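# Residue-level structural notes
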Amino acid sequence: MNTSTVTQEKSHVFKRANWFEHIELIMALISGVLIVLAYIAERQDGAPALYVTLYLTAFLIGGYAKAKEGLTDTWETRSLNVELLMIIAAIGAAAIGYWMEGAILIFIFALSGALETYTMNKNERALESLMELQPEQATRLNASGGLEVVHIDDLRVGDHIYVRPGERIPVDGRILKGSASIEEAAITGESIPVDRNVGDEVYGSSVNLNGVLTLEVTKLATETLFQKIIQMVQQAQEEKSPSAQFIDRYEGRYVQVVLVSVTAIILLGPVLTPWSLETSIYRGMILLVVASPCALVAAITPAALAAIASSAKHGILFKGGVHIENMGRLKAIAFDKTGTLTIGKPEVQSALIHPTVEKEHVYRIVSLIEEHSMHPLAEALVQFTGNYTGTMEHFKDVTGSGIEATIDGVAYRVGKQKFADPSGDFFRDDVERLKAAGHTLVFVSDEAKTIGAFALRDTLRPEAKQAIERLNHLGIATIMITGDNEATARAIATEAGLTRYIAECLPEEKVEQIKQLKQEYGSIGMIGDGINDAPALATADVGIAMGEGTDAALETADVVLMKNDLRRLSSAIKQSRKLNRVVLQNVVFALGVILVLIATNIFELLVMPFAVVGHEGSTILVILNGLRLLSTSWE
C-alpha cells in the first residue's frame with residue numbers, strides 16, 4: 001500500500017470520527033425536521049397514521065441518546081435521573097394525544113443535550129490536541145556514537161538524544177551540546193521563543209527552532225512536565241465542582257418527589273378539586289414536564305468545563321471544578337518568597353569601595369577568588385565584577401566565614417563582616433542602612449584594611465509588584481511567609497506592597513501559619529514552588545504552584561501557573577468569580593422558571609406547548625450562558 005493510499009485512509013477515518021462526534025446534534029436536527037413534516041401533515045388533514053408515525057420516528061431518533069443514557073445510569077446507580085424523567089414526560093404527553101408537544105419536548109431536550117456534549121467534546125479536543133504535541137519517537141545516540149530512532153518509551157534517564165532544528169523535543173532533558181531558541185508554547189502557553197544553552201533544562205514537546213542539540217534525558221516519557229499537564233487537564237475534566245456534586249446527590253430524590261407529585265395530582269385531582277380525570281391527567285403531564293430539573297442540572301457542569309478550558313488555554317491549570325469554584329472565594333493569598341515572589345537568585349545591588357583603592361582592583365580580587373568558590377553568592381559576585389586574569393595562591397575556604405587567598409603576593413579575605421571586616425568601621429552607616437534594607441553583605445579586605453563590600457539581595461520578579469496591586473484591588477489580602485530574617489522579609493514585603501509578612505518561619509511552621517490564617521480570613525490560598533512548600537499547599541483551601549516549581553509542589557497543588565506570571569493570579573480569581581456568578585445566575589434562573597411554570601400550571605394558566613418551550617428553552621439558555629466563559633477576555 002503506497003503512502004498516498006494510507007494518507008487517504010487516515011483522512012477518511014478522521015472525517016468519519018469528526019462526523020460521529022456530532023451525532024447527537026445530527027439526530028436532534030433530524031428529529032426537528034420530522035416534527036415539522038408531521039405538523040404539516042397534521043394541518044393538511046393527512047392520515048393520522050402518517051403524522052403519528054412521523055412523530056413517533058422523531059421520538060425514537062431524537063430521544064435515543066438520552067433514553068439510553070438515562071436507562072444505563074438508572075441500571076448502574078439504581079436511582080432515577082433527569083433523562084428518564086424527560087422520557088416519561090414525553091411518553092405521557094403522547095399518551096394523552098399531545099404528540100407534537102411530546103416530540104418537541106424530546107427535540108429540545110436532545111438539542112440541549114447536544115450543546116452540553118459539544119462543551120464536553122471541546123474540552124476533549126483540547127486534550128487530544130495537547131496529546132498530539134507529544135512526539136512518539138526520539139533519535140538516541142548509541143554506545144558507538146551512532147544515531148538510532150527509538151520509541152520515547154524506550155528512553156531511560158541518562159540517555160543522550162539528538163534533536164535537529166524544527167523537531168519537537170521528545171522528553172525533558174538537559175542540554176549537553178549546542179544552543180537554540182526553544183518555543184515552549186505547549187508548556188507555558190507563551191509563543192515567544194526562549195534561548196537555551198549548555199546546562200539549561202528543556203521540556204518535552206517544546207520545539208527546537210534553530211539549533212542542533214544533544215540532550216541528556218532527565219525524566220522518563222511518562223514523567224515529563226508535559227505529561228503532568230495532560231494528567232492535570234484529565235483530572236480537571238473528571239472532577240466535578242461542589243455545586244455539581246450537590247445536584248447529583250439530590251437528583252434521584254427530586255425525581256422521586258416529582259413522580260409522586262404527578263401521581264398524586266392524577267389520582268387526587270378529581271377527588272380534591274373541580275378537575276375532571278382528563279384535566280388531572282393533563283395537569284399531571286404538564287407538571288412532569290415543567291418540574292424536571294434539566295436546566296438546574298445543566299446550570300453548572302458546562303460552565304465549569306468552559307472556565308477550566310479557557311484557563312488552561314491561558315496557562316492556568318485547575319485540577320478540578322472544586323478548585324476553580326474555591327478560587328473565587330479566597331480572601332487572602334499567602335506567598336512563599338524565594339522563587340515565587342522573587343527570582344530565587346541573589347544579585348549584587350551595590351558596591352562600597354574604599355576611597356584609597358581603585359574599583360577595578362577590588363573587582364579583580366573578588367572575581368579571581370569567587371571564581372573558585374562553591375558558595376551560592378559566588379556566581380552573582382563574578383557576574384557583577386566581570387572576568388579577570390591573575391595568579392592565585394594559598395586558596396583556603398574557611399567554612400561558615402569566607403575565603404582566604406594570596407594574589408600577587410598579598411593576602412586577601414572575602415566573606416562575612418566578622419571575617420573580613422572585624423573592626424566594623426568600614427562605611428558603618430552605609431553598611432547598617434543596607435543591612436536594614438535586607439541586603440546580604442560580602443566584605444573584602446587585604447592585609448591592612450577593608451577595601452570593599454558588596455550588597456546582594458534576591459530581587460522581586462518583574463511582575464510581582466503589579467500582581468500584588470491587582471490582588472489588593474480585588475480585596476485579597478497578600479501575606480508573605482518566609483524563612484528569611486526580619487530585615488530581608490520587611491524589605492521585600494515593602495517593595496512588593498504586601499499586606500503583611502511572616503519572617504523566620506521554618507517549613508513545618510508554614511503549615512501552622514496557614515491554619516491560623518484560615519481562621520483569620522476564612523478562605524486562603526497558598527502559592528509556592530519548593531518541596532518545603534508542599535505541606536502548606538496541601539493545607540490551604542487552594543494550593544497554587546509555580547510552573548517551574550518542584551515535582552512535589554506540582555503534585556500537591558490544586559492550581560498551576562504554567563507561565564510563572566504572578567499577574568495571572570488576579571485573572572484566575574476574576575475567571576473563578578465570573579464562573580460563580582454565572583452558576584448563581586443559572587441556578588436562580590432555572591429554579592425561577594420551574595417555580596413559575598408549576599404555579600401557572602396549578603392555576604390552569606399553562607398549556608402543554610408553552611410548558612415544553614418554557615422548560616426546555618431555559619435549559620438551552622443556561623448552557624449558552626455557561627459557554628460564554630470559553631471566550632472570556634484575559635489581561
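Coordinates for the structure precede this section.
In this report, the structure presented in the accompanying data block is examined. (Residues numbered from 1 in each chain as written. Predicted model: local features only at pLDDT ≥ 70, side-chain atom pairs only at ≥ 80, totals over all residues. Heavy atoms only, no water.)

## Considerations on the overall build of the chain
Applicable threshold: Put simply, DSSP marks the helices as runs of H or I at least four residues long and the strands as runs of E at least two long, and each gets a number from the N terminus on. Partly exposed describes any residue whose relative accessible area lies between the buried limit of under 20% and the exposed limit of over 50%, with all areas from a 1.4 Å probe on protein chains only and scaled to the type maximum. Contact definition: two residues touch when any of their heavy atoms are within 4.5 Å. Computed by Shrake-Rupley with a 1.4 Å probe, the accessible areas treat only the displayed protein chains as cover when residues are assessed.
Within the chain one finds 24 helices and 22 strands. For the chain, the proportion of its 635 residues judged to be buried stands at 49%. In the chain, the proportion of contacts linking residues at least 24 apart, taken out of those at least 6 apart, comes to 67%. For the chain, the exposed area adds up to about 29900 Å²; of that, 57% sits on carbon and sulfur atoms.

## A closer look at the pattern of salt bridges
Note the threshold: A pair is scored as a salt bridge if a Lys or Arg side-chain nitrogen falls within 4 Å of a carboxyl oxygen belonging to Asp or Glu.
On inspection of all chains with the given rule, the structure shows 18 salt bridges. Between R490 and E486 there is a salt bridge, with the nearest N and O atoms lying 3.8 Å from each other. In this pair, R490 and E486 both sit in helix 19 (residues 486-496), four residues apart, roughly one turn of the helix. The exposure class of R490 is partly exposed, given its relative accessible area of 34%. By relative accessible area, E486 is classed as partly exposed at 35%.

## Comments concerning the sheet that holds strand 15 (residues 410-415)
Stated formally: Here the rule is simple: two strands pair whenever DSSP picks up at least two bridges between them. Where helices are involved, their axes are fitted lines through C-alpha atoms of the stretch in contact, as for all axes, and angles between N-to-C directions lie from 0 to 180°.
A sheet is described by the order of its strands in space; here six strands give the open sequence 12-17-16-15-14-13, paired in antiparallel fashion. Edge positions in the open sheet fall to strand 12 (342-353) and strand 13 (392-398), since each of these has one partner strand only. Neighbour-to-neighbour, the strand axes of this sheet turn through a mean angle of 15 degrees, independent of strand direction. The sheet strands contacting helix 15 (residues 378-385) are strand 12, strand 16 (440-445) and strand 17 (450-460), and the helix crosses strand 12 at an angle near 55 degrees.

## Overview of the packing of helix 3 (residues 48-77) against helix 4 (residues 82-95)
Relative placement of two packed helices is described by the angle separating their axes and the distance separating the axes. To keep it simple, the criterion reads: Between 65 and 115 degrees an angle is taken as roughly perpendicular, under 35 as roughly parallel, over 145 as roughly antiparallel, and anywhere else as oblique. Here is the rule for handedness: rotate from the far helix to the near one, and if that takes an anticlockwise turn smaller than a right angle the crossing is left-handed, while a clockwise turn gives right-handed.
Direction vectors running N to C along helix 3 and helix 4 enclose 135 degrees, while the axes themselves pass 8 Å from each other. In terms of axis orientation, helix 3 runs oblique to helix 4. Our pair here, helix 3 against helix 4, has a crossing hand that is left-handed. Taken together, the residues of helix 4 that come into contact with helix 3 (itself represented by F59, G63, K66, A67, E69, G70, L71 and T74) are E83, L84, I87, A90, I91 and A94.

## Points about a nonpolar patch on the surface
To keep it simple, the criterion reads: A patch consists of residues whose relative accessible area exceeds 30% and which take part in no salt bridge; residues with like charges are grouped when within 9 Å of each other, and nonpolar side chains (Val, Leu, Ile, Met, Phe, Trp, Tyr) when within 5 Å.
On the surface, a cluster of nonpolar side chains totalling about 430 Å² of accessible area is made up of V33, V36, L37, Y39 and I40. Relative to the helices and strands, Y39 resides in helix 2 (residues 23-43). In this structure Y39 comes out as partly exposed when scored by relative accessible area, which is 35%.

## Let's talk about the side chain of T340
Relative to the helices and strands, T340 is located in helix 13 (residues 337-341). For T340, a relative accessible area of 0% puts it in the buried group. Ignoring anything within four residues of it in the chain, the contact list for T340 reads F335, R461, I527, G528, D529, M546 and L566.

## Focus: the environment of S576
For S576, the location among the structural elements is in helix 23 (residues 568-602). When residues no more than four places from it in sequence are discounted, the contact partners of S576 are I324, E325, M327 and G328.

## What to know about the pairing of strand 9 (residues 213-217)
On a regular strand, each side chain points to the face opposite its neighbour's, so the side chains alternate between the two faces of the sheet. Extensive coverage of strand 9 is indicated by the burial of four of its five residues. Note that strand 3 (residues 160-163) and strand 9 share four bridges and pair antiparallel. Across the sheet, residue H160 finds its bridge partner in strand 9, namely E216.

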